[in-house]
Amino acid sequence: MPFIEVKTNQDLSEAKTIIKAELGSAITAIPGKTESWLMVEITDKCDMWFKGSDEPCAMFEIAIFGKASDSAYDDLTKRICEISEKHLGVSPDRTYVKYTEIDHWGYNNFNF
């Protein structure tokens, strides 16, 4: 049950479907996670500044049910930065990736 929230100051109107598909592939860096349970939110054209500048920047917030290894997070961060650069036009040094591990996740009238 991963959830990926993407925020950027870039205009992604042409690329949202492609980004969603790439994130679906990237999430497999976390063992047991697949696109079949992935929810994605993409918000573009945000008022965002990084390092005092409004140059292209992006924030990816990723929530997963359970835990993952440091190496899995390293792999996913690399994949996310590649997606950010290729499809958002945001260089890795202007991309943040935040992870949250969730112990309880509700779905369809019950909790995991």
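The coordinates are above.
Residues numbered from 1 in each chain as written. Predicted model: local features only at pLDDT ≥ 70, side-chain atom pairs only at ≥ 80, totals over all residues. Heavy atoms only, no water.

1. Observations concerning the packing of aromatic side chains
- On inspection of all chains with the given rule, the structure shows eight aromatic pairs.
- Geometrically, the ring pair formed by Tyr107 and Phe112 is stacked, given 6.2 Å between the ring centres and 25° between the ring planes.
- Members of the aromatic cluster, connected to one another through ring pairs, are Trp37, Phe65, Tyr107, Phe110 and Phe112. (Phe/Tyr/Trp six-rings, centres within 6.5 Å; stacked < 30°, edge-to-face > 60°.)

2. Regarding the packing of helix α1 (residues 16–26) against helix α2 (residues 70–88)
- At a minimum axis separation of 10 Å, α1 and α2 run at an interaxial angle of 165°. Taken together, the axis directions place α1 and α2 in an arrangement best described as roughly antiparallel. You can see that α1 and α2 cross each other, and the crossing is right-handed. Between α1, through Ile18, Ile19, Glu22, Leu23, Ser25 and Ala26, and α2, the contact on the second element is made entirely by Leu76, Arg79, Ile80, Ile83, Lys86, His87 and Leu88.
- Of the residues assigned to the contact of α1 with α2, the class counts are eight nonpolar, two polar and three charged. (Axes fitted to C-alpha atoms, helices over the stretch in contact; angles between N-to-C directions. Helix = DSSP H or I, 4+ residues; strand = E, 2+ residues; numbered from the N terminus. Parallel < 35°, antiparallel > 145°, perpendicular 65-115°, else oblique. Left-handed = near helix turned anticlockwise from the far one by under 90°. Contact = heavy atoms within 4.5 Å. Nonpolar A, V, L, I, M, F, W, Y, C, P; charged D, E, K, R; others polar.)

3. Some words on the sheet that holds strand β2 (residues 39–43)
- Strands sit in the order β2-β1-β3-β4 across an open sheet of four strands; the sheet is mixed. Looking at strand neighbours, the two that pair on one side only are β2 and β4 (95–102), the edges of this open sheet. Pairs of neighbouring strands in the sheet enclose a mean axial angle of 10°, with direction left out of account.
- Note that strand β3 (residues 58–65) and β4 share eight bridges and pair parallel. Residue pairing in the sheet places Ala58 in a bridge with Thr95 of β4.
- Along the sheet, α1 makes contact with β1 (3–8), β2 and β3, crossing β2 at roughly 140°. (Pairing = 2+ DSSP bridges.)

4. Quick notes on α1
- When α1 is considered as a whole, its buried residues turn out to be Ile19, Leu23, Gly24 and Ala26. Buried positions in α1, seen along its axis, are confined to an arc of 165° and lie on one side of it.
- Among the structural elements, β1, β2, β3 and α2 are those in contact with the buried residues of α1. (Buried < 20%, exposed > 50% of the residue type's maximum accessible area, 1.4 Å probe, protein only. Arc of directions from axis to C-beta.)

5. A few points about the environment of Val97
- Of note, Val97 is situated in strand β4.
- A relative accessible area of 21% means that Val97 is categorised as partly exposed.
- Val97 has contacts with Phe60, Ile62, Thr77 and Ile80, leaving out every residue within four places of it along the chain.

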